[in-house]
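What follows is the residue order along each chain.
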Amino acid sequence: MAVPDSITQLDAILKPRSIAVIGASTSPDKMGHEILKNIIGSGFKGVVYPINPKADIILDLTCYKSVKEIPEPPDMAVIIIPARFVPQAVQECGEAGVKGAVIITGGFSEAGDEGEDLQNQVVEAAQRFGVRVIGPNCQGVNNPHHPLCASWPLLTFQGKIALLSQSGTVGAAMMDWLSEDKLGTSSFVSMGNRADVDEADLIAYFNQDPNTEVIAAYIEGIKRPERFIQAVEQLQKPLVVLKSGRTPKGKVAAESHTKALAGADAIYEALFAKYEICRAYTAEEFYDYAKALAYLKPPKGNRILFITTSGGAAILATDQAEQEGLDVSPLSEELVAAITPIIPAHAIKANPIDLTGDATAQMFGDVIEVTRNHYDTLGVIFGDPVEGVSRVVTPGANELIIFYGGADVERHESELMHLKGIPVFPTPERGIKALAQVLERKTLDAPQKPTLTVPATGRQLPLHQAFAKISGQGIPCTDFALANSQPAAVKIAQEQGFPVALKISSPDILHKSDVGGVHLNLSSAEAVEDAYDDLLAAVHNNCPESRIDGVLVSKMAPPGLEVIVGMNRDPQFGPIILFGLGGIMVEIFQDVSIRLLPLTQDEALSMIREIKGYGLLTGYRGRPAVDEQAMADCLMAVARISENYPEIVEIDLNPVFAYPNGVQVADVRIIVKEGKEKTR
């Protein structure tokens, strides 16, 4: 059966007119009872059909033995029965005309091979009848605007943030925080195993939802990279992502949770940067960033003035503002004169303006009005239990509200401000970091080093073939030629001009210098003769089984700044382009930038300029700056190679010598897929 519009069909799940609860229970301690009770308690205005072959009435609703006995096909079914019965239930839903299903039950792909087989049966049945499926192994859905709560706990406060989560607990906790703060959500969807509906579908759906202004997604991995990219390319609303599995062991834990690929974290970092996705690294950031993007008006610039009763809180705010790139500029003489009559004589007339403990709500309000037009943002810090402050702040104004240390007064006033649509942050650091996301739409550096790329597997091209491939694409390389004898090596060296280098060319040796396969700075024929014999002897001794194609003779490159240009073909996202400082520094410092394809010239230049060691490229201690355009051209050429030669899984140009005019590749490694004898 053909599936209708896969996105609008999700209305059957998030805005259903009728619901069947398959597995509704008469026992209050069973999930089938709680879900049914929450659907009713949420104020759902449609018809609810409990399905239980052993009961006649549950919660005053008539029970049915099967979904096929319901007089009219319900839009959506919530399934809470043992896993082994779920495929049949989904098939019956399809036969009855049900459009969507939420499968709460666990015991599918996350539980092993038998569960994987059950999940495949669910998918097959759903696809055959065009039923969209949330889950299995999920915590359900909640749409307070409809209203509908086919989840737990029962939360009904309406808001602007749509929550999508691969973890039911993470998403429900976020929804609970928003409800507790009287901000609420537009919807909550627990994706579970994502057998059908995934984050890409839901991002596309909520991008069209009139009640949603911000989408917040907790993910452990992306199921369909191409579809995800299509969805974010069309986004017109902010997207905040909390991506777990950043570290190597965290990645393993993520993949064992829902049996889905988590991927190398640096690739996700590049993906989020490319599409201006706001990344959070902690649950608190996830909450704060979504709240800020939903309720803070984007500032016109980065100038901020702090108004406070707490000098300590203001210092913390200033420190964080400086780290985030905000400008805590001093007060003008005009502004000092304007505030002097309305603040205590002992107050500090600077930025921050410290009103001290004598401040009242009225004093805050007067200072806010006088200073509002002089700064892009007013960072208003209520550092004491100041009563009545909810009356002197304005929804949608250029105010960042921080309430820090106000005890019961803080809780009461914060709730009143939230009810007015004014976000309140509990610490200076959290408030400033959240503001930075609204201002710049970017996240902070990860607290731990991410994985860079997934190691490539395949066959190494012999060195002379790798050089030929690179130079054939127009990338400047040192002169090179393959020698199969000592006299041939000497002749090539004399033709190239001394000094030269000798390097072993073998498909079996990845690290040539580790096995004695490299001799540098050979300045005479005699030196080449000696080095040739020594090199082969060392390689035969250290790698007796390795195949040898010959010895590459290459002219030594003039001294320059060493950088690395590379490509790794990720199994999910395809070619990943890499740039950084070359030589051993890339291994020690991992100071690199990466991008996904397609790569533009501007992005290539941005890659060069965002590494921490960029100052070395711009000239230091009297040394000239290197040619950024030539490096960008090299990056673009590697990007073209990766697009034109899909059999190449890794390219490593290291070192690439960068000069004031041009670049030159001194060494290259290319890995191709096993079984590929040559590249096109």
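Residues numbered from 1 in each chain as written. Predicted model: local features only at pLDDT ≥ 70, side-chain atom pairs only at ≥ 80, totals over all residues. Heavy atoms only, no water.

Another point: the side chain of serine 18. Looking at where serine 18 falls in the secondary structure, it is placed in strand S1 (residues 18–22). Serine 18 gets classed as buried once you look at its relative accessible area, which sits at 10%. Side-chain polar atoms of serine 18 contact the backbone nitrogen of aspartate 75, separated by 3.1 Å. (Helix = DSSP H or I, 4+ residues; strand = E, 2+ residues; numbered from the N terminus. Buried < 20%, exposed > 50% of the residue type's maximum accessible area, 1.4 Å probe, protein only. Polar contact = N/O pair within 3.5 Å; in protein donor to acceptor, adjacent residues only side chain to side chain.)

The nonpolar side chains of a soluble globular protein tend to be buried with one another. Grouped together as the largest cluster of nonpolar side chains are 63 residues, with contacts concentrated most on Ile39, Val78, Val141, Phe206, Leu239 and Leu271. With residues up to four places along the chain from it excluded, the contact list for valine 78 reads Ile19, Ala20, Val21, Ile22, Ile35, Ile39, Val102, Ile104 and Ala150. (Core = buried A, V, L, I, M, F, W, Y, C linked by side-chain atoms within 4.5 Å. Contact = heavy atoms within 4.5 Å.)

It is worth spelling out the pattern of salt bridges at this point. Overall, the coordinates contain 26 salt bridges when judged by the stated rule. A salt bridge links arginine 224 to aspartate 201; its shortest N-O distance comes to 3.1 Å. Placement of arginine 224 in the loop between strand S12 (214–219) and helix H7 (225–233) and of aspartate 201 in helix H6 (residues 199–207) is noted, with a sequence separation of 23 residues between them. Residue classification places aspartate 201 among the buried residues on the basis of a relative accessible area of 3%. Among the ionic contacts, a cluster of salt bridges with common partners joins Arg132, Asp196, Asp198, Asp201 and Arg224. (Salt bridge = Lys/Arg side-chain N within 4 Å of Asp/Glu carboxyl O.)

Judged by how many residues are buried, strand S27 (residues 592–596) sits mostly within the fold: 5 of 5 residues are covered. Where burial is concerned, the two faces of S27 agree: the one with Val592, Ile594 and Leu596 and the one with Ser593 and Arg595 are both buried. One ladder, built from 5 bridges, connects strand S26 (residues 574–581) with S27; its direction is antiparallel. By the bridge assignment for S27, phenylalanine 579 is matched with serine 593. (Pairing = 2+ DSSP bridges.)

This brings us to the confidence of the model for the protein. Averaged over all residues, the pLDDT of the protein equals 90, while 92% of them reach at least 70. The model gives residues 442–450 a pLDDT under 50, and that stretch makes 25 contacts with residues more than four places away or in other chains. (pLDDT = per-residue confidence, 0-100.)

Let us look at the environment of alanine 489. Inspection of the secondary structure assignment puts alanine 489 in helix H17 (residues 486–496). Since its relative accessible area comes to 0%, alanine 489 is described here as buried. Spatially, the C-alpha atoms of alanine 489 and isoleucine 203 are 61 Å apart, while their sequence positions differ by 286 residues. Not counting the four nearest positions on each side in its chain, alanine 489 is found in contact with Ala483, Val528, Tyr532 and Val553.

This brings us to the sheet that holds strand S16 (residues 353–354). In space, the 5 strands of this open sheet follow the order S16-S15-S17-S18-S19, with parallel pairing throughout. This sheet does not close on itself; its edge strands, each paired only once, are S16 and strand S19 (424–425). By the bridge criterion, 2 bridges tie strand S15 (residues 304–308) to S16 in an arrangement that is parallel. Of the residues in S16, the one forming a bridge with threonine 308 is aspartate 354. Of the strands in this sheet, strand S17 (377–382), strand S18 (399–403) and S19 are in contact with helix H14 (residues 407–419), which crosses S18 at around 150°. (Axes fitted to C-alpha atoms, helices over the stretch in contact; angles between N-to-C directions.)

What follows covers the environment of lysine 491. For lysine 491, the location among the structural elements is in helix H17. Classification of lysine 491 as exposed rests on a relative accessible area of 52%. Lysine 491 sits 62 residues away from valine 553 along the chain, and the two C-alpha atoms are 9.9 Å apart.

A few words on helix H5 (residues 168–180). An ideal rise of 1.5 Å per residue puts 18 Å on 13 residues; H5 measures up with 18 Å between its terminal C-alpha atoms. Residues of H5 that are buried include every one of Gly168, Gly171, Ala172, Met174, Met175, Leu178 and Ser179, and no others. Down the axis of H5, the buried set is contained in an arc of 155°. They therefore lie on one face. Across from the buried face of H5, at angles greater than 90 degrees, the exposed residues are Thr169 and Glu180. On the buried face of H5, the contacting elements are strand S8 (140–143), strand S10 (158–165), strand S11 (185–190), S12 and helix H10 (283–295). (Expected span 1.5 Å × (residues − 1). Arc of directions from axis to C-beta.)

Moving on to the sheet that holds strand S6 (residues 100–103). Spatial ordering of the open sheet is given by S2-S1-S5-S6-S7, a layout of 5 strands whose pairing is parallel. In the strand order of this sheet, the two ends are held by strand S2 (47–51) and strand S7 (132–134), each with one partner. Between one strand axis and the next, the sheet turns through 20° on average, direction left out of account. The pairing of S1 with strand S5 (residues 76–79) spans 4 bridges and is parallel. Residue pairing across strands places alanine 20 opposite alanine 77, the latter belonging to S5. Across the sheet, helix H3 (residues 86–96) touches S1, S5 and S6, and the angle it forms with S5 is around 170°.

So, about unusual backbone geometry. Proline 153 follows tryptophan 152 through a cis peptide bond whose omega is 0°. As for its position among the elements, proline 153 is in the loop between strand S9 (148–151) and S10. Proline 655 follows asparagine 654 through a cis peptide bond whose omega is 5°. Looking at the element boundaries, proline 655 is found in strand S28 (residues 648–658). Notably, arginine 194 is not glycine yet its phi reads approximately 55°, a positive angle. Residue position: arginine 194 is located in the loop between S11 and H6. One non-glycine residue, asparagine 521, lies in the positive phi region at around 55°.

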